Amino acid sequence: MRRDDGGRIDRSRVLRFRFDGQEYTGHPGDTLASALLANSVRRVATSVRLGRPRGVFAAGGEEPNAVVQIEEPFPEPMLPATTVELYDGLVASSLAGQGRLAAGPDPARYDAVHAHCDVLVVGAGPAGLAAARAAAATGARVILADDQPEPGGSLLGTRDEVDGVPGADWAAATAAHLEERPEVRVLRRTTVFGYYDDNYLVAVERRTNHLGAAAPAHMARERIWRIRARRVVLATGAHERPIAFAGNDLPGVMLAGAARTYATRYGVLPGRRAVVFAANDGAYAAALDLADAGLDVAAVVDPRPAPGELWAARLRERGVELLSGHVVTAARGDGQVSSVEVSPVSSVSSGGVSSIDADLLLVSGGWNPVVHLYSQSGGTLRHDEAIGTLVPDASTQAVEAAGAARGVFALPGCLADGTGAGARAASASAPARPVDVPRAEEPPEAAPLAYWLVPAADYAGHFVDLQRDVTVADVRRATGAGLRSVEHVKRYTTAGTAHDQGKTSGLLTSAVVAHALGVPVAELGTTTFRAPYQPVSFAALAGRDRGALHDPVRVTALHEWHVANGALFENVGQWKRPWYYPRPGEDMEAAVLRECAAAREGVAAMDASTLGKIDVIGPDAGEFLDRLYTNLMSSLKVGSIRYGVMCRPDGMVFDDGTVIRVADDHFLVTTTTGNAAAVLDWMEEWLQTEWPWLRVHLTSVTEQWATVALVGPGSREVLAGLAPGLAVGVDDFPFMTWREAEVAGVPARVCRISFSGELAFEINVTSWDGLRLWTAIMDTGLVTPYGTGTMHVLRAEKGYPIVGQDTDGTVTPHDLGMSWVVSKKKPDFVGKRSFSRADTMRADRKQLVGLLPEDPDVLLPEGTHLVATGTLPEPPVPMLGHVTSSYRSAALGRTFALALVRGGQGRHGERLYAPVGDALVPVTVTSHVLYDPEGARRDG
Amino acid sequence: MLLIPCPWCGPREEAEFHYGGQAHVAYPEDPAALSDEEWARYLFFRDNPKGVFAERWSHSAGCRRWFNALRDTATNRIHGVYRVGEPRPVAS
Amino acid sequence: MAERRSPAAAYAGRFEAASRGEALRLAELPFLTQINVRVDPSSPAAGDLGDALGVPLPVEPNTAVRAGSGADEVTVAWLGPDEWLVVAPEGYRLELLRKARGDRHGSIVDVSAQRTTLLVTGPRARDLLAHGCALDLHPGVFGPGACAQTTLARAQVVLIPREDGFLVLVRSSFAAYLAEWLLDAAAEYVA
Ligand SMILES: [Zn+2]
């Protein structure tokens, strides 16, 4: 229920929300958890395996129970109610361990930002604020990130004072001071969740979630911060840990510090009458704060013999009974705590139980430093006997932990620790500046006891992992089955594997394992923590990289025309290439057949701008290309063009394309569309690492040029009309030569090359002029535009392979029937030595062939296997090869395919079978050149 | 995300680089003089140590230079970078 | 006859709309002359190229120099130990550089249409680019006189900081992608 006053909530404003169909109200400053507790909602979830009722257990991100589904404004599964800031119109429901993803797309924006700093401080509690303050005083670039809406950390949930003012006020003033500095950035609602190599940390900032439906649409809902820090201070605080006893999962059982936070920060009493069960002095302070806030604290139960007199006196003043040397053996109640059973430590196993009426049982087994990020950074952990937990040990990166994150729990110690860490971190970047340590009162402190497990005969109701429903009995079953490693026990029982990743249960599990095995906890070793510290939505991680921006879309200078003229597009790498240009009523098959016919019988044009282009310049350019291509390039005459193939050293085809000799010391190399960057990298690799003495420079000019392929028997006439100054006759402009000319009023380089077997010209202009050229060609009214669909058919009819489609890195030029492209004269080139390896000389290598299905209408799916017989033998069935390309041909009047077939060059005329669906389709092996094998059409 | 110190551009994110495998595997002087086994050794065999490894990287999204780096394969720490042609430094 | 067209021409209107507020200015600077220069920096040819440009080729990695004014104004950006990008106004005479090189080894390649130049200026220019650029863009680290080849979003770019913002040189085929990305990232600053 809500206190009449106190807390950091704005009682003047009322927020309406719904939970499990019920209307409630809360205030700005509330979390969903605090608002539910204020409305006395005890049951907020159902446990995943056992279906038991569960209540709010913690006050922060470590919450294992109160994991809810947000329904409105936008569905989001599995959020701890303790981390959901309340907003007007929030609709949420309880879960049983599994949430539901939204059915529709998330309309919110998400983004990412890179940030750099000298010092990153994680956590804005007392240690973190002190660290940021000390670091900022030197003028260093500082980022302070904290997961709460306001800075202060533990100070928000206690009544401690710093520098003579309430801790929360000190925190607010310190943060405000920091924010005034130009080189300091304070990030609120920002959880640092990953710590990677070279001090690279990743955080998520929740920017508009807390605004609900009022969130502005133009603002990114969540932002991923990618932070590169010279040094890091981890002031991540500590998580209170539970104790295992019977019924420790009932609603009403809560961490003592959490209850204190609800009372102090949120003005909420999470029950009426409480018993505190603790083995450390911190919980005494919590008990006192809660009593002063109006909670009826019936007793403090402490297994230690006697606490300090000061605490005892303070409890007496408030009428709180102190039961030292006692433990809680059970929480009892129907659906929630109604009574607490207490026993002296000495007689736990022999009875002697008394019962206290209470609806709240506040537990504190001690505090675990939040060492997740430290461990993720590569830092090692050690077990600290005195506080019974893991603390940072040795770092491998420029990081240190400060305050509670390294086991310094008292406030003055945290402030001093943070100040020192901040100053040290900044000293790597800026001159040191002495800073005063903020002052706070030292509390009386007796040694804590690492207390984990209340002994019992039956452990079926002693829970260790509330979210996974794992009990002490489960853990003991695992150790009973012979498991010794905590990691194995966790996998066996699933303890620690829920989305809270065992923040409250991890160490408790270890302790229970140690107890069962009769060894000290320290002997079990430590855990390695992995990112993310908290669950992060995929939408946040994707950021802007989704939808149209998911992957860059590369387009040519002619793209707008293609779009305007109804082209459908094919993705080739990141490029969008026109696939075909359907006319009304045409499907792909009809469009491609029409475009093919235009290219073979009339004149057609394709945008070929995506081919990679590399200028190779220098006196040794010819020799350089001789070393990389299988054939001779240095003998090429200026003005001429040669087709070439590049292999890897293993002799397998890597890329192919044409090489133009522009000048004595200047070649222009074209690559396949998908390989442009790889070929340039490849050439640079050989040039820089193997042949640095060659005087050659390489420059990519892929996008400098737009390229139009003008194809077909009518292409000469069309070109002549567009380029009146160019002699286009077969003798003036022979095959495999190029000319400078003005085409359509634009300076151009025209090449007589053909990827279709038809008379063809490739016209290159600067990409600025590409659209001008293309428009002029189309304005003749004589030319049919065609796309990659048609290009594939035309080249396949001629048996021209496509690297990456008809090859797969296991195919030599010889396998492609292209021995003619492999020089026998050159002493060496990349790949040559491999052609005399036994494996590359095998007669039964897979070789490129043509296939003609016996039914000329059957189109073989690409990838179809080929077998020798018309009925399948018992497996394993010998596979002879597979179909690499398959089309309908207008020119052949039938379907055909290219395939890689074992010993294929010796199989021409053979019948093979292709399993298609349930049928075995008979096909005839032929030469891979199916159209115009004598090359009669090349010159028009 | 590693920061890889390009010998020219300085530290840049790993994503700007291409990996090039083991360094100091020179293309044989005269491949024709090698036996099939020797050639296969050049083609297919590389070291795979746990610890410091001399390897090649290309700053492909930056200056496009190939260089060598000494990287500890167990810790990902880069102990030094050096340009092609420079001798392998002693790992610190 | 259609006009020549720059790679981000279709974005002129949206760039202008995004530039109406105080925070940002986005624009394409189309048709600039860009020349890729490859030469041994210690060679006499490098010296002569510097003379022709009016400023020595910068040999310090990640730096750019500016010289000249009006039609002769050039920015020379270091791209690699033997590679530079010259950015100059439209009409700048490439032949001057070819002449300076003479018949010595080195390459002078016209790459004017290979990349286009986007101008990103205004008080939030740095914040905008930081959404997609992993470099430290702090003016004390990456101010005028610097340059970098790196990635912005998922596109490779040459970044050249100016007094009031940045030149972003992007491959022409990526220009539309990067324009869309910039406009999307700018939504928060221009609304
Ligand atoms: Zn570099």
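Just so you know, these numbers come straight off a predicted model, no measurement behind them. (Residues numbered from 1 in each chain as written. Chains lettered and ligands numbered in written order. Predicted model: local features only at pLDDT ≥ 70, side-chain atom pairs only at ≥ 80, totals over all residues. Heavy atoms only, no water.)

Our next topic: the sheet that holds strand β3 (residues 64-67) of chain C. Residues and elements named next belong to chain C. Read from one edge to the other, the open sheet built from five strands follows the order β3-β4-β5-β2-β6, with strand pairing classed as antiparallel. The two strands at the open ends of the sheet, each matched to only one other strand, are β3 and β6 (107-110). The average angle at which neighbouring strand axes cross in this sheet is 20°, direction not considered. One ladder, built from five bridges, connects strand β4 (residues 74-80) with strand β5 (residues 83-88); its direction is antiparallel. Looking at the pairing, tryptophan 78 lines up with tryptophan 84 of β5. Sheet strands touched by helix α3 (residues 94-101): β2 (33-38) and β6. Its angle to β6, the strand with the most contacts, is close to 165°. (Pairing = 2+ DSSP bridges. Helix = DSSP H or I, 4+ residues; strand = E, 2+ residues; numbered from the N terminus. Axes fitted to C-alpha atoms, helices over the stretch in contact; angles between N-to-C directions. Contact = heavy atoms within 4.5 Å.)

Attention now moves to the coordination of the zinc ion. Residue and element names in this part refer to chain B. For the zinc ion, every protein donor is listed as Cys6 (SG), Cys9 (SG), His59 (ND1) and Cys63 (SG), and the spread of their distances is 2.0 to 2.4 Å. Read N to C, the donor residues that coordinate the zinc ion are spaced as C-x2-C-x49-H-x3-C. One end of the pair, cysteine 6, is in strand β1 (residues 3-6); the other, cysteine 63, is in the loop between β4 (52-58) and β5 (66-72), and 57 residues separate them in sequence. Taken as a pair, cysteine 6 and cysteine 63 share a single burial class, namely buried. (Donors = N, O, S within 2.8 Å, 3.2 Å for Na, K, Ca; no water. Buried < 20%, exposed > 50% of the residue type's maximum accessible area, 1.4 Å probe, protein only.)

Our next topic: the interface of chain A and chain B. Interface extent is often summarised as the accessible area lost during association of the parts. The interface of chain A with chain B comprises 24 residues on the first partner and 25 residues on the second. For the pair chain A and chain B, the two sides together bury roughly 2,200 Å², of which 46% comes from carbon and sulfur. Along the contact surface separating chain A from chain B lie four salt bridges. Glutamate 684 of chain A is the salt-bridge partner of arginine 64 of chain B, the closest N and O atoms lying 2.9 Å from each other. Remark: the boundary between chain A and chain B carries 18 residue pairs in polar contact (both at pLDDT 80 or more). It is helix α16 (residues 676-689) of chain A that provides the largest number of residues to the side of chain A that touches chain B, a total of seven residues. Here the residues of the side of chain A that touches chain B sort into nine nonpolar, four polar and 11 charged. (Buried area = accessible area lost by both parts, 1.4 Å probe. Salt bridge = Lys/Arg side-chain N within 4 Å of Asp/Glu carboxyl O. Polar contact = N/O pair within 3.5 Å; in protein donor to acceptor, adjacent residues only side chain to side chain. Nonpolar A, V, L, I, M, F, W, Y, C, P; charged D, E, K, R; others polar.)

Moving on to the nonpolar core. Residue and element names in this part refer to chain A. Of all hydrophobic cores here, the largest spans 82 residues; its most connected members are Leu32, Phe245, Tyr262, Phe277, Leu361 and Leu362. With eight residues, helix α5 (residues 282-292) is the single largest residue contributor to this core. Not counting the four nearest positions on each side in its chain, tyrosine 262 is found in contact with Ala33, Ser34, Leu37, Val56, Ala58, Ala59, Thr82, Met254, Gly267 and Val268. Among the nonpolar cores identified, the runner-up in size contains 47 residues, and Ala115, Ala203, Leu381 and Ala514 belong to it. (Core = buried A, V, L, I, M, F, W, Y, C linked by side-chain atoms within 4.5 Å.)

Right, let's get into the pattern of salt bridges. All chains considered together, the criterion is met by 75 salt bridges over all chains. Between arginine 8 of chain A and glutamate 150 of chain A there is a salt bridge, and its shortest N-O distance comes to 2.8 Å. Taken together, the residues span a long stretch of sequence, with arginine 8 of chain A in the segment before β1 (15-19) and glutamate 150 of chain A in the loop between β9 (142-145) and β10 (161-162) at a distance of 142 residues. We note a salt bridge from arginine 544 of chain A to aspartate 184 of chain C, for which the minimum N-O separation is 2.7 Å.

Listed under "domain: Aminomethyltransferase C-terminal" (unreviewed entry) in the UniProt record, and renumbered for this structure, are residues 846-932 of chain A. In residues 846-932 of chain A, the share of helix is 0% and the share of strand is 48%. The end C-alpha atoms are 24 Å apart. (UniProt positions renumbered as here; feature names shortened; annotations may be inferred.)

All names here are of chain A. At a minimum axis distance of 10 Å, the contact between helix α9 (residues 472-480) and helix α11 (residues 506-517) shows a crossing angle of 50°. Viewed along their axes, α9 and α11 adopt a mutual orientation that is oblique. When you trace α9 past α11, the crossing you get is right-handed. Counting all contacts with α9, which are made through Val472, Val475, Arg476 and Thr479, the residues of α11 involved are Thr509, Val512, Val513, His515, Ala516 and Leu517. Class assignment of the residues belonging to the contact of α9 with α11 gives a composition of six nonpolar, three polar and one charged. (Parallel < 35°, antiparallel > 145°, perpendicular 65-115°, else oblique. Left-handed = near helix turned anticlockwise from the far one by under 90°.)

The next subject is the environment of glutamate 797 of chain A. All names here are of chain A. With respect to the element layout, glutamate 797 can be found in helix α19 (residues 788-797). Residues glutamate 797 and tyrosine 931 lie 134 residues apart in sequence; the distance between their C-alpha atoms is 5.3 Å. In contact with glutamate 797, not counting residues within four places along its chain, are Arg600, Ser889, Ala890, Ala891, Phe896, His928, Val929, Leu930 and Tyr931. Of the polar contacts made by the side chain of glutamate 797, one reaches the side chain of arginine 600; its length is 2.6 Å.

A separate point is the sheet that holds strand β44 (residues 846-853) of chain A. All names here are of chain A. In spatial order, the strands read β45-β46-β47-β44-β49-β48; together these six strands make up an open sheet with antiparallel pairing. Each of the sheet's edge strands pairs with one partner strand only, and the pair in question is β45 (865-866) and β48 (911-916). Taken together, the eight bridges between strand β46 (residues 881-889) and strand β47 (residues 894-902) define a ladder with antiparallel strand orientation. Note that in β47 the partner of serine 886 across the bridge is alanine 897. Lying on the sheet, α19 is in contact with β46 and β47; it crosses β46 at an angle near 110°.

Okay, helix α14 (residues 588-601) of chain A next. Three or four residues apart is the spacing at which side chains of an α-helix point the same way, because the helix has 3.6 residues per turn. Residue and element names in this part refer to chain A. Between its first and last C-alpha, α14 extends 20 Å over 14 residues, near the 20 Å set by a 1.5 Å rise per residue. Within α14 the residues assigned to the buried category are Ala591, Val592, Arg594, Glu595, Cys596, Ala598, Ala599 and Arg600. Close packing links the buried residues of α14 with β32 (575-580), β33 (604-607), β39 (705-711), β43 (784-785) and α19. (Expected span 1.5 Å × (residues − 1).)

If you look at the interface, chain A gives 48 residues, while chain C gives 48 residues. Of all residues in chain A, His697, Glu703 and Trp768 of chain A bury the most surface against chain C, accounting for 20% of the area lost on that side. The interface formed by chain A and chain C contains nine salt bridges. Across the salt bridge formed by glutamate 703 of chain A and arginine 171 of chain C, the nearest N and O atoms sit 2.6 Å from each other. There are 29 residue pairs in polar contact (both at pLDDT 80 or more) connecting chain A and chain C. Mapped onto the side of chain A that touches chain C, the elements with two or more residues apiece are β8 (109-122), β15 (220-234), β34 (612-617), β38 (697-700) and α18 (770-779) of chain A. For the side of chain A that touches chain C, the element with the highest residue contribution is β8 of chain A, accounting for six residues. Its residues assigned to classes, the side of chain A that touches chain C comprises 17 nonpolar, 13 polar and 18 charged.

Residues and elements named next belong to chain C. Here helix α2 (residues 44-53) has its buried residues at Ala45, Ala46, Leu49, Gly50 and Leu53. With its buried residues spanning 145° around the axis, α2 presents them on a single face. Facing away from the buried side of α2 by over 90 degrees, the exposed positions are Pro44 and Asp51. If you follow the buried residues of α2, they end up packed against β2, β4, β5, α3 and β6. (Arc of directions from axis to C-beta.)

A few words now on the packing of aromatic side chains. Applying the stated criterion across every chain yields a total of 28 aromatic pairs over all chains. For the pair phenylalanine 277 of chain A and tyrosine 451 of chain A, a centre-to-centre distance of 6.2 Å together with 65° between the ring planes defines the contact as edge-to-face. With phenylalanine 277 of chain A in strand β18 (residues 273-278) and tyrosine 451 of chain A in the loop between α8 (411-426) and β29 (463-465), the pair connects residues that are 174 residues apart, well separated along the chain. Here the two residues phenylalanine 277 of chain A and tyrosine 451 of chain A agree in accessibility, since each one is buried. Between phenylalanine 829 of chain A and phenylalanine 835 of chain A the ring centres are 6.2 Å apart and the planes differ by 50°, which places this aromatic pair in the tilted class. Overall, the relative accessible area of 2% leaves phenylalanine 829 of chain A in the buried class. Over the ring of tyrosine 42 of chain B we find arginine 46 of chain B, and its NZ or CZ is 5.8 Å from the ring centre. (Phe/Tyr/Trp six-rings, centres within 6.5 Å; stacked < 30°, edge-to-face > 60°. Lys NZ or Arg CZ within 6 Å of the ring centre and 35° of its normal.)

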